[in-house]
Amino acid sequence: QVQLVESGGGLVQAGGSLRLSCAASGRTFSSYGMGWFRQAPGKEREFVACISWSGGSTYYADSVKGRFTISRDNAKKMVYLQMNSLKPEDTAVYYCARGRASYASRERDNYDYWGQGTQVTVSS
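Keep in mind that this is a model prediction, so the values were computed, not measured. Position labels on residues start from 1 in each chain and follow its written sequence. pLDDT decides what is reported in this predicted model: residues at 70 or higher carry local features, side-chain atom pairs at 80 or more are listed and counted, and totals for whole chains, interfaces and linings draw on all residues regardless. To get the side-chain values, all heavy atoms of the structure are used, and hydrogens and water are removed first.

## Points about the nonpolar core
To define a nonpolar core, start from buried Ala, Val, Leu, Ile, Met, Phe, Trp, Tyr and Cys residues and group those joined through side-chain atoms within 4.5 Å. Summary of the burial criterion: residues with accessible area below 20% of their type's maximum are buried, those above 50% are exposed, and those between are partly exposed, where the area comes from a 1.4 Å probe applied to protein chains only. Core analysis: the largest hydrophobic core is formed by 34 residues, its most contacted members being Trp-36, Leu-81, Met-83 and Tyr-94. Elements that contribute at least two residues to this core include exactly strand S3 (18–24), strand S4 (34–39), strand S5 (46–51), strand S7 (68–73), strand S8 (78–83), strand S9 (92–99) and strand S11 (118–123). To qualify as a helix, a DSSP run of H or I must reach at least 4 residues; to qualify as a strand, a run of E must reach at least 2; elements of each kind are numbered from the N terminus. Counting residues per element, this core draws most heavily on S5, at five residues. It only takes one pair of heavy atoms within 4.5 Å for two residues to be counted as in contact. Aside from chain neighbours lying at most four places away, what touches Tyr-94 is Glu-6, Leu-20, Trp-36, Phe-37, Arg-38, Val-48, Phe-68, Leu-81, Met-83, Gly-117, Thr-118 and Val-120.

## Some words on the pairing of strand S1 (residues 4–7)
Across a regular strand the side chains alternate sides, sitting on one face of the sheet and then on the other. Here S1 shows a clear split, with Leu-4 and Glu-6 buried on one side and none of Val-5 and Ser-7 buried on the other. By the convention used here, strands pair only if DSSP detects at least 2 bridges between them. Judged from the four bridges that link them, S1 and S3 form a sheet pairing that is antiparallel. The residue bridging Glu-6 from the neighbouring strand is Cys-22, located in S3.

## Re the environment of Tyr-103
Inspection of the secondary structure puts Tyr-103 in the loop between S9 and strand S10 (111–114). For Tyr-103, a relative accessible area of 49% translates into the label partly exposed. Residues Tyr-103 and Thr-58, spaced 45 residues apart in sequence, show a C-alpha to C-alpha distance of 9.4 Å. Ignoring any residue separated from it by four or fewer positions in sequence, one finds Tyr-103 in contact with Gly-33, Ser-52 and Asn-110.

## Details of the state of the cysteines
The rule for a disulfide is simple: a pair of cysteine sulfur atoms within 2.5 Å. For the coordinates displayed, the defined rule picks out one disulfide. Across the disulfide, Cys-22 is cross-linked to Cys-96 (sulfur-sulfur distance 2.1 Å). The disulfide joining Cys-22 to Cys-96 has a torsion of about -75° about its S-S bond and is therefore left-handed. Pair noted here: Cys-22 is in strand S3 and Cys-96 is in strand S9, with a separation of 74 residues, a long-range link. When sorted by exposure, Cys-22 lands in the same class as Cys-96, which is buried. Of all cysteine sulfurs, the one in Cys-96 lies closest to Cys-50, which takes part in no disulfide; the gap is 12 Å.

Here is the structure:
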């Protein structure tokens, strides 16, 4: 059984920073790619960032490139999303997800386990 639990969301002013964390259960965490997605009210869930099993490959949505950084610690079974220079349009529920394979993927359908989400609100 795989469980993903996100934390670290909150309310922050524009220009501020937050660090999201995702704690994973399951013995094979290090074998899978991981991703972060977000969903704003009335919008589709969208890709934010992903990372391969080793951390050697990372990809970002154009809207967050240069501001967000995804990382992982396989020994601790953790995935992180460092978010800097936050904008009001970053406001959303952020979800951690486990990929179906070891590579990093931007495609939502390539993820089979999802966390419950953590709210990020950026005020202007």
